[in-house]
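Listed below are the residues making up each chain.
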Amino acid sequence: MNNANNINSRNNNGVAQRTNQIIYVECDFDGNLEEAIAAADDGDVVKLGNNTYTTSGITIDKDITIDGILGKSIIDGEGTTNAIISISPEASGATLRDLSITDGNIGIYADGATNLTLRNLEVHDIGIDEPIRDGQNNVGISLFHADGVRVLNSHIHDIGRKGVGINDTDGGLVRGLTLEDINLDAEHAQSFDAAGIKLFNTNEVRVLNNELSSINAFNIWNDITSGTVIGDNLITDIGDRFLPPDFTNQVDVAGIYNEKSYESVVDNNTVTSVDEFTAFRATAFTTETMRLGENDFSTVQLNTEDFWANEAAERLVAITEDPDEANFELFADDFFIDADIGI
């Protein structure tokens with residue numbers, strides 16, 4: 001029986017209007033998370049209990065809050081090849097907080113949902129058992145057209161390919177994350193799309209106060225962007241867990257790779273590397289406009305080669321202030337001619 005706290009009020013004209021409600025998954029829907037979400041309306045809070053909720057894929061299509069108990073509210077994909085949580089554009093403004101999300105191909109996937117808040121999450125054991133090298137797969141949090149997104153204070157670990165990917169997005173904040181144990185089996189090409197945090201075709205995204213370790217790829221990869229701020233991040237022992245994939249020679253890792261970035265700021269980061277591996281690298285195009293502040297880098301490599309596929313198109317994408325005006329499709333064909341991703 002649905003006992004959700006549904007309170008009606010009246011506006012200034014005396015007309016009854018619905019107010020937001022709190023839906024308790026355990027009490028109101030006997031632990032059925034999908035039914036609880038289906039019953040919610042914009043503005044409602046769906047509260048999870050001390051339980052494991054199994055699913056082959058949940059879709060959130062409303063501006064609601066999914067609120068759990070960190071370490072106790074677990075959403076388990078049981079090895080699904082789908083995204084464990086998919087967020088549609090209708091869910092713009094939604095919040096996910098205090099949840100553990102585990103065991104699937106993708107932890108969270110959103111395309112077109114703006115102003116999302118993803119806070120206090122644990123996303124782990126994603127894309128480990130079944131490597132899928134084409135498309136966007138084996139990713140902890142994968143976001144497209146997610147203007148205004150905030151990914152905050154979360155632990156993302158044991159990921160097959162990429163911890164957080166933000167693409168085609170105008171404005172966002174990635175802060176307070178701990179990322180570790182990513183692509184350690186080298187199932188994905190480090191120079192293609194494996195990463196701890198990767199920005200691609202974004203504008204005005206800030207990457208602040210994150211800690212990264214044991215990532216067999218670029219740790220923070222800022223690729224074809226405008227106005228990125230990378231600050232106060234701690235990245236340790238680049239190359240310590242290095243293992244090349246057995247299907248390609250396109251292999252490279254670094255702590256921060258500032259690639260084809262326009263008017264970026266890199267300040268107050270600490271990055272250490274081992275052996276010949278690079279703590280910080282910036283390409284020639286990037287250094288033309290980059291503001292490099294006071295950082296503690298064990299090694300630095302500047303003015304490396306900029307363009308792989310199509311210089312004119314890549315420059316256009318990097319300098320655009322609206323990610324929707326210029327995107328990867330402008331040079332995708334040229335890119336994939338040379339890319340070796342092991343399929």
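Description of the structure in this document. Please read all numbers here as calculations on a predicted model, not as lab measurements.

## A few points about the overall build of the chain
Point 1. When its secondary structure is counted, the chain shows 5 helices and 27 strands.
Point 2. The globule rule puts the C-alpha radius of gyration for 343 residues at 20 Å, and the 21 Å found for the chain is close to it.
Point 3. Based on the C-alpha atoms only, the size of the chain along its principal axes is roughly 65 × 45 × 40 Å.
Point 4. For the chain, the residues scored as buried account for 53% of the 343 residues in total.
Point 5. Across the chain, every contact between residues at least 6 apart in sequence was considered, and the portion connecting residues at least 24 apart equals 58%.
Point 6. Here the chain has roughly 14100 Å² of accessible surface; of this, 41% comes from carbon and sulfur atoms.
Point 7. Between the averaged position of the 19 positive side-chain charges in the chain and that of its 60 negative side-chain charges there is a distance of 7 Å.

## What to know about the side chain of Q190
Point 1. With respect to the helices and strands, Q190 occurs in the loop between strand 15 (178–182) and strand 16 (195–208).
Point 2. We classify Q190 as buried; its relative accessible area is 0%.
Point 3. Looking at Q190, its side chain comes within polar contact range of the side chain of N216, at 3.3 Å.
Point 4. In this structure the side chain of Q190 is engaged in a polar contact, spanning 3.0 Å, whose partner is the backbone oxygen of L243.

## Some details on the packing of aromatic side chains
Point 1. As enumerated under the stated definition, the model contains 15 aromatic pairs in all.
Point 2. With centroids separated by 5.5 Å and ring planes inclined at 80°, the aromatic side chains of F328 and F335 adopt a geometry described as edge-to-face. Comparing F328 with F335, the two get one shared label, buried.
Point 3. Ring centres of F328 and F336 lie 5.8 Å apart, and the angle between their planes is 75°; on these two criteria the pair is classed as edge-to-face.
Point 4. You can call F336 partly exposed: its relative accessible area is 42%.
Point 5. The rings of F192, F200, W308, F328, F331, F335 and F336 are connected pair by pair, giving a single aromatic cluster.
Point 6. The ring centre of W221 lies 3.7 Å from the NZ or CZ of K198, which sits over that ring.
Point 7. Just above the ring of Y257 sits the side chain of R281; from NZ or CZ to the centre is 5.5 Å.

## Here we look at a negative patch on the surface
Point 1. Together, E204, E263, E321, D324 and E325 line one region of the surface with negative charge.
Point 2. Its place among the elements puts E325 in the loop between helix 4 (311–319) and helix 5 (332–338).
Point 3. Accessibility expressed as a relative area gives 63% for E325, which makes it exposed.

## Concerning unusual backbone geometry
Point 1. Residues other than glycine seldom take positive phi values, yet E263 does so here, at roughly 55°.
Point 2. Within the fold, E263 resides in the loop between strand 21 (254–262) and strand 22 (265–267).
Point 3. A residue is classified by how much of its surface remains accessible, and E263, at 45% relative accessible area, is partly exposed.
Point 4. The phi dihedral of N303 is positive, around 60°, even though this residue is not glycine.

## Some thoughts on the nonpolar core
Point 1. Core analysis: the largest hydrophobic core is formed by 66 residues, its most contacted members being V46 and L96.
Point 2. Per-element tally for this core: the top contributor is strand 9 (residues 95–111), with 5 residues.
Point 3. Aside from chain neighbours lying at most four places away, what touches V46 is I23, V25, L33, A36, A40, I64, T65, I66 and D67.

## What to know about the pairing of strand 18 (residues 218–226)
The two faces of a sheet get side chains in turn, since along a regular strand they alternate between them.
Point 1. Burial within strand 18 is extensive, with 9 of its 9 residues counted as buried.
Point 2. One ladder, built from 6 bridges, connects strand 16 with strand 18; its direction is parallel. Note that in strand 18 the partner of F200 across the bridge is D223.
Point 3. Pairing between strand 18 and strand 21: 6 bridges, direction parallel. Counterpart to S226 in the pairing with strand 21 is Y262.

## Examining the environment of N201
Point 1. Looking at where N201 falls in the secondary structure, it is placed in strand 16.
Point 2. Setting aside residues up to four positions removed in sequence, N201 forms contacts with N167, D168, T169, D223, I224, T225, V317, T320, P323, A326 and N327.

## Notes on a nonpolar patch on the surface
Point 1. On the surface, L292, V300 and L302 cluster together to form a nonpolar patch covering roughly 240 Å² of accessible area.
Point 2. For L292, the location among the structural elements is in strand 25 (residues 291–292).

## A closer look at the side chain of N201
Point 1. Look at N201 and you get buried, because its relative accessible area is 1%.
Point 2. At 2.8 Å, the side chain of N201 forms a polar contact with the side chain of D168.
Point 3. One polar contact links the side chain of N201 to the main-chain carbonyl oxygen of A326, over a distance of 3.1 Å.

## Brief notes about the pairing of strand 12 (residues 149–152)
Point 1. By the bridge criterion, 3 bridges tie strand 10 (residues 117–126) to strand 12 in an arrangement that is parallel. Opposite L118, over in strand 12, you have V151 as the bridge partner.
Point 2. As paired strands, strand 12 and strand 14 (residues 162–175) are joined by 4 bridges and run parallel to one another. Each residue of the ladder has a partner; that of L152, found in strand 14, is R175.

Rules and cut-offs
Residues numbered from 1 in each chain as written. Predicted model: local features only at pLDDT ≥ 70, side-chain atom pairs only at ≥ 80, totals over all residues. Heavy atoms only, no water. Helix = DSSP H or I, 4+ residues; strand = E, 2+ residues; numbered from the N terminus. Rg over C-alpha atoms; globule rule 2.2 N^0.38 Å. Buried < 20%, exposed > 50% of the residue type's maximum accessible area, 1.4 Å probe, protein only. Contact = heavy atoms within 4.5 Å. Areas by Shrake-Rupley, 256 points an atom, 1.4 Å probe, with all protein chains shown as cover. Lys, Arg positive; Asp, Glu negative; His and termini not counted. Charge placed at Lys NZ, Arg CZ, Asp CG, Glu CD. Polar contact = N/O pair within 3.5 Å; in protein donor to acceptor, adjacent residues only side chain to side chain. Phe/Tyr/Trp six-rings, centres within 6.5 Å; stacked < 30°, edge-to-face > 60°. Lys NZ or Arg CZ within 6 Å of the ring centre and 35° of its normal. Patch = residues over 30% accessible without salt bridge, like charges linked within 9 Å, V, L, I, M, F, W, Y side chains within 5 Å. Salt bridge = Lys/Arg side-chain N within 4 Å of Asp/Glu carboxyl O. Core = buried A, V, L, I, M, F, W, Y, C linked by side-chain atoms within 4.5 Å. Pairing = 2+ DSSP bridges.

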